[in-house]
Amino acid sequence: TEPGRSLVYPTPTYVLYRTLAAAQPADVIEIPYADDYSLPISELATAGGAVTFIASPNSPSAHAVPIQDLRKLASQLTGVLVVDEAYVDFADETALPLVQELENVIIVRTLSKGYSLAGLRLGFGIANPKLLSGLFKVKDSYNVDAIACLVGAAAMRDQVYKNECVAKVKASRAKLALDLKQLGFQVWDSQTNFLLVQPPQSNAEAIYLELKERGILVRYFNQPGLDDKLRITVGTDEQNQTLIEALLHCLMLCDK
Ligand SMILES: Cc1ncc(COP(=O)(O)O)c(C=O)c1O
């Protein structure tokens, strides 16, 4: 970022934004989300970032930011708005129309999630040519490797297969959410392939450790606002059933 101008993003969000900014190094301004995860539009705009990052759908909250909020934010910013749509395939809405309406919006996506191709290490950005030409000026002279391009293009052409995979995850997500609610968990609405949940006794760390003992890994965040919650990735129906059975035991053990 330009000297004196920062990278701005709402928190909690994808933890790598902070790490990658520190590696530049770039100054960071973090603006907390409200408890209901509504976007703090005026605070983000006032922060005056050279670049403002919004993950939508977001991690670990699993919520998506409504396109009208992103539009409002982008039109108030003097810098660039990056909308990170890593999880968009699991969501109801995309912010894609914004790149045609506004010159300062870039949407970034990855093939790691909806396309199940995390090992390919391929992602892409969508923006108007003027914004992209600025990025080309600073782009490494070496390109994405040819095999990744071919595999990525083939995967994107096969929308039927991708949509089938996404539909399976969404169906399993709905069932898992229901099963967790029946165990007394609070479950946030999810537009992603994971669920943010709060155990009935809020003893997230104890449950995380107990599940780990049993070879089941869920994500525990040791930070204020999240340390009473867990992020659980949606597995196959069989894996989810194993998790629910393990949780039944954990709840009994950890509630003692
Ligand atoms: C919000 C968000 N953006 C981007 C990524 C990066 O995905 P990848 O590096 O696999 O393309 C992730 C991965 O966890 C993510 O959660």
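Residues numbered from 1 in each chain as written. Predicted model: local features only at pLDDT ≥ 70, side-chain atom pairs only at ≥ 80, totals over all residues. Heavy atoms only, no water.

Where an unreviewed UniProt entry is consulted, the chain appears under the name Aminotransferase class I/II-fold pyridoxal phosphate-dependent enzyme, with the organism given as Oscillatoriales cyanobacterium SpSt-402. In UniProt, the chain has this text filed under Sequence similarities (unreviewed entry): "Belongs to the class-II pyridoxal-phosphate-dependent aminotransferase family." Under Cofactor (unreviewed entry), UniProt gives the following word-for-word description of the chain: "pyridoxal 5'-phosphate". (UniProt positions renumbered as here; feature names shortened; annotations may be inferred.)

A. Highlighting the overall build of the chain. Broken down by element type, the chain carries 9 helices and 10 strands. For the chain, the C-alpha radius of gyration of 20 Å lies close to 18 Å, the compact-globule estimate for 256 residues. Along the longest, intermediate and shortest principal axes, the C-alpha atoms of the chain span 60 × 40 × 35 Å. Taken across its 256 residues, the chain has 46% of its residues classed as buried. Counting only contacts in the chain whose residues sit at least 6 apart along the sequence, the fraction spanning at least 24 positions is 65%. Total accessible area on the chain is roughly 13800 Å²; 55% of this is exposed by carbon and sulfur atoms. (Helix = DSSP H or I, 4+ residues; strand = E, 2+ residues; numbered from the N terminus. Rg over C-alpha atoms; globule rule 2.2 N^0.38 Å. Buried < 20%, exposed > 50% of the residue type's maximum accessible area, 1.4 Å probe, protein only. Contact = heavy atoms within 4.5 Å. Areas by Shrake-Rupley, 256 points an atom, 1.4 Å probe, with all protein chains shown as cover.)

B. How the structure looks around the domain arrangement of the chain. Segmenting the chain into domains produces domain 1 (7-157) and domain 2 (166-254). Look at where the C-alpha atoms of domain 1 and domain 2 centre, and you get two points 27 Å apart. In this assembly, 17 residues from domain 1 lie in contact with 17 residues from domain 2. For the domain 1 and domain 2 pair, buried surface summed over both sides reaches about 1400 Å², with 61% attributable to carbon and sulfur atoms. On the domain 1 side of the interface with domain 2, the three residues burying the most area are Pro60, Ala62 and Phe90, jointly 45% of the side's total. Put simply, domain 1 and domain 2 have 0 salt bridges between them. There are 4 residue pairs in polar contact (both at pLDDT 80 or more) connecting domain 1 and domain 2. Class assignment for the residues of the side of domain 1 that touches domain 2 results in 10 nonpolar, 5 polar and 2 charged. (Domains from an automatic or database assignment. Buried area = accessible area lost by both parts, 1.4 Å probe. Salt bridge = Lys/Arg side-chain N within 4 Å of Asp/Glu carboxyl O. Polar contact = N/O pair within 3.5 Å; in protein donor to acceptor, adjacent residues only side chain to side chain. Nonpolar A, V, L, I, M, F, W, Y, C, P; charged D, E, K, R; others polar.)

C. How the structure looks around the site of the ligand. Around the ligand sit Tyr14, Asp84, Ala86, Tyr87, Thr110, Ser112, Lys113 and Arg121, and those are all the residues in its vicinity. Aspartate 84 has a polar side-chain atom sitting 2.5 Å from a nitrogen atom of the ligand. Interatomic distance of 2.7 Å between a side-chain N/O atom of lysine 113 and an oxygen atom of the ligand. Looking at the shell around the ligand residue by residue, the classes come out as 3 nonpolar, 2 polar and 3 charged. (Near = heavy atom within 4 Å.)

D. Representation of the sheet that holds strand β6 (residues 123-126) within the structure. Taken in spatial order, the 6 strands of this open sheet run β2-β1-β3-β4-β5-β6, and their pairing is mixed. Looking at which strands have only one partner, the edges of the open sheet turn out to be β2 (28-32) and β6. Taking each pair of neighbouring strands and ignoring which way they run, the sheet shows an average axis angle of 25°. Across the face of the sheet, helix α3 (residues 67-76) comes into contact with β3 (51-55), β4 (80-84) and β5 (105-110) while running at roughly 155° to β4. (Pairing = 2+ DSSP bridges. Axes fitted to C-alpha atoms, helices over the stretch in contact; angles between N-to-C directions.)

E. Broad picture of the sheet that holds strand β9 (residues 219-220). Sheet architecture is open: 4 strands sit in the order β7-β8-β10-β9, paired in antiparallel fashion. Pairing within the sheet leaves two strands with one partner each, and these edge strands are β7 (186-187) and β9. Pairing of β7 with strand β8 (residues 194-198), which is carried by 2 bridges, proceeds in the antiparallel orientation. Paired with glutamine 186 across the bridge in β8 is glutamine 198. In the packing of helix α7 (residues 159-182) onto the sheet, the strands contacted are β7, β8 and β10 (230-233), and the crossing angle to β8 comes to about 10°.

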